[in-house]
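# Observations on chain architecture
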Amino acid sequence: MTTTPSARTFPASFVWGAATASYQIEGAVDEDGRGPSIWDTFAATPGKTLDGHSGAVAADHYHRTAEDIAIMKDLGLDAYRFSLAWPRIQPTGSGAFNQAGLDFYARLIDDLLEAGIDPVVTMYHWDLPQPLEDAGGWPARDTALRFGEYGRKVVETYGDRVKVWTTLNEPWCSSYLGYGSGVHAPGRTSDADALAAVHHLNLGHGLAGRAVREILGEGATLSLTLNLHVARPDDPTSAEDRDAARKIDALANRAFLNPVLDGYYPEDLLADTSAITDWSFVQDGDLEITHTGLDVLGVNFYSTQRVRRYTFEHEKTMADGHGASAATAWPGADDVEFLVQPGPYTAMGWNIDPSGMTELLVGLSKTYPELPLMITENGAAFDDVVSEDGRVHDVDRVSYVHRHLDAVGEAMEAGADVRGYFVWSLMDNYEWAYGYHRRFGIIRIDYDTLERIWKDSAYWYRELLRTDALPPVESAADLA
Ligand code: FCB
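A brief structural summary. (Residues numbered from 1 in each chain as written. Predicted model: local features only at pLDDT ≥ 70, side-chain atom pairs only at ≥ 80, totals over all residues. Heavy atoms only, no water.)

### Observations concerning the environment of Phe-382
Applied cut-off: Counting from the N terminus, the helices are the DSSP runs of H or I reaching at least four residues and the strands are the DSSP runs of E reaching at least two. Only heavy atoms matter for contacts: two residues are in contact if any of them lie within 4.5 Å across the pair.
Relative to the assigned elements, Phe-382 resides in the loop between strand 10 (373–377) and helix 14 (395–413). Through-space distance from the C-alpha of Phe-382 to that of Glu-214 is 43 Å; in sequence the pair is 168 residues apart. Non-local contacts of Phe-382, meaning those with residues more than four positions away in its chain, are made with Tyr-345, Thr-346, Ala-347, Ile-352, Asp-396, Arg-397, Tyr-400 and Arg-439.

### Some points on the side chain of Arg-146
We apply this condition: In protein, a polar contact means a hydrogen-donor-capable atom and an acceptor-capable atom, both N or O and within 3.5 Å, with residues adjacent in sequence counting only if both atoms are side-chain atoms; elsewhere, any N or O pair within 3.5 Å suffices.
As for its position among the elements, Arg-146 is in helix 7 (residues 141–158). Polar contacts involving the side chain of Arg-146 include one to the side chain of Asp-142, which spans 2.3 Å. Excluding residues within four positions of it along the chain, Arg-146 makes contact with Trp-86, Gly-93, Ser-94 and Leu-132.

### Structural notes on the pairing of strand 2 (residues 79–83)
What counts here: Partly exposed residues are those whose accessible area sits between 20% and 50% of the maximum for their type, while under 20% is buried and over 50% is exposed, using a 1.4 Å probe and protein chains only. A strand pair is defined by DSSP finding two or more bridges across the two strands.
For strand 2, the tally of buried residues reaches five of five residues, placing the bulk of the element in the interior. Here strand 2 shows no split at all, with Ala-79, Arg-81 and Ser-83 on one side and Tyr-80 and Phe-82 on the other all buried. As paired strands, strand 1 (residues 15–19) and strand 2 are joined by three bridges and run parallel to one another. Directly across from Ala-18, in strand 2, lies its bridge partner Tyr-80.

### A few points about the packing of aromatic side chains
As a reminder of what qualifies: Working definition: rings of Phe, Tyr and Trp (its six-membered ring) pair if their centres are within 6.5 Å, and the pair is stacked with planes under 30 degrees apart, edge-to-face with planes over 60 apart, and tilted otherwise.
For the structure on display, the rule yields 36 aromatic pairs. Considering the side-chain rings of Trp-172 and Tyr-176, the 5.5 Å spacing of their centres and the 45° angle between planes classify their relative orientation as tilted. Pair noted here: Trp-172 and Tyr-176 are both in helix 8 (residues 171–181), with a separation of four residues, about one helical turn. Like Trp-172, the residue Tyr-176 is buried in the burial classification. Ring centres of Tyr-302 and Trp-350 lie 5.2 Å apart, and the angle between their planes is 55°; on these two criteria the pair is classed as tilted. With Tyr-302 in the loop between strand 7 (296–300) and strand 8 (305–309) and Trp-350 in the loop between strand 9 (336–338) and helix 13 (355–367), this residue pair connects regions lying 48 residues apart in the sequence. Classification of Tyr-302 by relative accessible area gives buried; the value is 13%. Ring pairing ties together the aromatic residues Tyr-23, Trp-39, Phe-42, Trp-126, Tyr-430, Trp-432, Tyr-436 and Tyr-447, which thus form one cluster.

### Some remarks on empty space enclosed by the protein
Quick reminder of the rule: Both site types are read off a 1 Å grid over the protein atoms alone. A 1.4 Å probe that fits but cannot get out defines a cavity, while an open set with protein on both sides within 12 Å along at least five of seven lines defines a pocket; lining residues have an atom within 4 Å of a point. Grid points are joined across faces, edges and corners, and a volume is the space filled by probe spheres set on the points.
The full count for this structure, using the stated rule, is three cavities of 30 Å³ or more. Estimated volume of the largest cavity: approximately 60 Å³. Every residue along the wall of the largest cavity is listed here: Ile-38, Trp-39, Tyr-124, Trp-126, Trp-138, Cys-173, Ser-174, Tyr-179, His-184, Ala-185 and Pro-186. Mapped by element, the contributors of at least two residues to the lining of the largest cavity are helix 2 (38–43) and helix 8.

### Let's talk about the sheet that holds strand 6 (residues 231–233)
The criterion, for reference: Only the stretch in contact is used when a helix axis is fitted, and all axes are lines through C-alpha atoms; the angle between N-to-C directions ranges over 0 to 180 degrees.
With respect to topology, three strands assemble into an open sheet ordered 6-8-9, the strand pairing being mixed. The open sheet is flanked by strand 6 and strand 9, the only strands paired with a single partner. The average angle at which neighbouring strand axes cross in this sheet is 40°, direction not considered. Here strand 6 runs beside strand 8; their pairing, made up of three bridges, is parallel. Bridged to Pro-233 within strand 8 is Val-307. The strands touched by helix 10 (residues 239–262) are strand 6, strand 8 and strand 9; relative to strand 8, the strand with the most contacts, the crossing angle is about 125°.

### Notes on the packing of helix 9 (residues 191–216) against helix 10
Spelled out, the test is: Definitions for this section: a left-handed crossing has its near helix turned counterclockwise from the far helix by less than a right angle. A right-handed crossing has that turn clockwise.
The geometry of helix 9 relative to helix 10 is characterised by a closest axis approach of 10 Å and an angle of 35° between their N-to-C directions. Of the two elements, helix 9 crosses helix 10, and the hand of that crossing is right-handed. Contact with helix 9, carried on its side by Leu-195, Val-198, Asn-202 and His-205, involves Leu-251, Ala-255, Phe-256, Pro-259 and Val-260 of helix 10 and no other residues of that element.

### With respect to the site of the ligand
Quick reminder of the rule: Note on definitions. A residue lies near a molecule or strand when any single heavy atom of the residue is within 4 Å of it. For every accessible area listed, the method is Shrake-Rupley and the probe measures 1.4 Å; residues are considered covered only by the protein chains on display. For a cavity or pocket, the test is whether more than half of a molecule's atoms lie within 2 Å of its grid points; if they do, the molecule sits there. Here the nonpolar group is Ala, Val, Leu, Ile, Met, Phe, Trp, Tyr, Cys and Pro; Asp, Glu, Lys and Arg are the charged ones; every other residue, Gly included, is treated as polar.
The environment of the ligand is formed by Gln-24, His-125, Trp-126, Asn-169, Glu-170, Tyr-302, Glu-377, Trp-424, Glu-431, Trp-432 and Phe-440. Contact between the ligand and Asn-169: an oxygen atom at 2.9 Å from a side-chain N or O atom of the residue. Between the ligand and the protein, one listed contact pairs an oxygen atom with a side-chain N or O atom of Trp-432 at 2.9 Å. In isolation the ligand offers 290 Å² of accessible surface; the protein chains occlude 95% of this area. If you map the ligand onto the pockets, it falls in the largest pocket. Residue classes in the shell around the ligand are distributed as five nonpolar, three polar and three charged.

### A look at helix 9
Quick note on the threshold: To estimate the expected span of a helix, count its residues, drop one, and scale the result by 1.5 Å.
Taking 1.5 Å per residue, 26 residues should reach 38 Å; helix 9 reaches 37 Å between its end C-alpha atoms and fits that length. With 20 of its 26 residues buried, helix 9 lies for the most part within the structure. Immediately beyond the C-terminal end of helix 9, within one or two residues, lies Gly-217, with a positive phi of roughly 55°.

### Here we look at the pattern of salt bridges
To keep things clear, this is the line we draw: Throughout this description, the term salt bridge denotes a Lys or Arg side-chain nitrogen within 4 Å of a carboxyl oxygen of Asp or Glu.
The tally for this structure, following the rule as stated, stands at 37 salt bridges. Residues Glu-26 and Arg-88 are paired through a salt bridge, measuring 2.8 Å at the closest nitrogen-oxygen approach. Here the residue Glu-26 occupies a position in the loop between helix 1 (22–25) and helix 2, and Arg-88 occupies one in helix 4 (residues 86–89), the gap between them amounting to 62 residues. On the accessibility criterion, Arg-88 (1% relative accessible area) is buried. Note that Arg-246 and Asp-272 form a salt bridge whose closest N and O atoms lie 3.0 Å from each other. In this pair, Arg-246 is assigned in helix 10 and Asp-272 in helix 11 (residues 267–272), connecting sequence segments 26 residues apart. A residue is classified by how much of its surface remains accessible, and Arg-246, at 25% relative accessible area, is partly exposed. Linked through salt bridges whose partners overlap, the residues forming this network are Asp-243, Arg-246, Lys-247, Asp-249, Arg-254, Asp-268, Asp-272, Arg-309 and Asp-335.

Listed below in C-alpha cells is the structure:
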C-alpha cells in the first residue's frame, strides 16, 4: 500500500458525487412495462457473460430507491449520476412511452432533490431497446433518430428539475465493444459496423443535445461522457510507436471529441480506416448536428495503455484492458500492439497509474481551454472480503481513489478546469460481461440478502466530503 502524505484540499464549489447505471443496479427487468434491452438478450446467450450472470435482479435498486437515497444523503453527496433505462421509458425504442417507467424516474428525481442531491442524468448507458437492435442497432442511422426522439421526451419530462444532461456514456464501448470485438451487447463483430456505430452515436448525441438546448436553453448543462484513452508510445523516440499512439488516439478520442467539439472527423482517422469504410454514412449536415459543443465534458478514467507498432513477427499482445480481440476492437489498427504494463493492477487486471489522469486532464485543458471537465467515473474493483469485525477493509480501493484524486488536484494546479468527481460506483453492481464477479462499490451489496454494507471506502469518502480534504488512507479503517 502506498500513501500520499499530502492532505490535498478541494474548492468548496467542487461537486462530489457517486455514479451508477440503470442496467447495472436496477433489476426488475420485467416489471411495470419495461421492454427487453440488448443486455437482457446478450446475458441470456450462453457464453457471453461470466457464469451467465444477468441484470435481472442486480442490486434491486428499483425496489430500494428510498434506502439507497438515504445512503447517499448520509454520505453527503452533492450529486448522483445515474442513467435512465430507455426500454423502461419507451419499451420498443420508438412510438409509445411507458408512463410507469417515466414515473419511476420522476419519483427518483423528486426524492433526490428532496434529499438535497442534484440529479445528473445520463440518457443512455448501454441498455438499447432490443427492437432497435433487431432493426439494425447503432450501425443503422434510424437508431440515432429514435434516440433523438427519446432524448427530447425525457428532457420535456424532467427538464424542469434536471439541469445536467449527459447524452451518452462511453460511446467508445457501445461501438467498438458492442459491434467490433463483440465482448459487450449486442455482441456483433464487424469493423465496418463499429465505425458506422461511432458516427450514429455521435449523431444521436447531437440530436438529443439539440433537444436539451432548444427546450432548456441557457439554464441547462449539456454533457457527454467519454472514456478517453491515454495510450503512450512504448518508445517515445520511435516514429513507429508514436504513430501507433496516434492511431489509437484517433479511434478512441478524436473520433468523438472532434465531431462534437469541432464539427469534423479527423483526416487521419478516415485514412487509417479507408479499407474498411468510406464513411459515406456521414450525410450532408450531420456534422452540424454532432457539433453541439459541450458545457462540460464527462471524463471516465481507470487506467492507461502502452502501444507500439506491431510487425506481425510474433504473437500479438493485446493488453488494452478491454478483453477485446486483436482483429476487431481497433478497426484499421491491426499493426498496433498493446503491451502489458507494470502493476499494480486492480481485480479487472487494469494497471493503476494515476499519472495518466493528470496527463489526460492537462492535455484536454490545453486542447480545449474553455471546456470545463468533470470526472464522471473513477474507481476500482478489488476482491473485497467481509472481516470478522463485520467491516470491509477495502484499503486498496481507498488508496486508489486517494491517489487519483491527488492526480486530479495536480491537474487543477496545472490549470485544468475540473468541476467535480463521481466515484464509480455508489454500490457493487452488475459489471457487464464480468457479471457479479467484480465489485466496484463503496457500498457492498450482499447478493444473497441484498443488504447494503458500508465499506471503509464509504466512510472515508464521507469524511472527504465533510472536509473537502483527502483524509489519510490509514484513517479509513477507524472511521465510522
Ligand atoms: C465503465 C462503465 C461503467 C462501469 C465501469 C467499471 O466503462 O461506464 O458502467 O462498468 O467502466
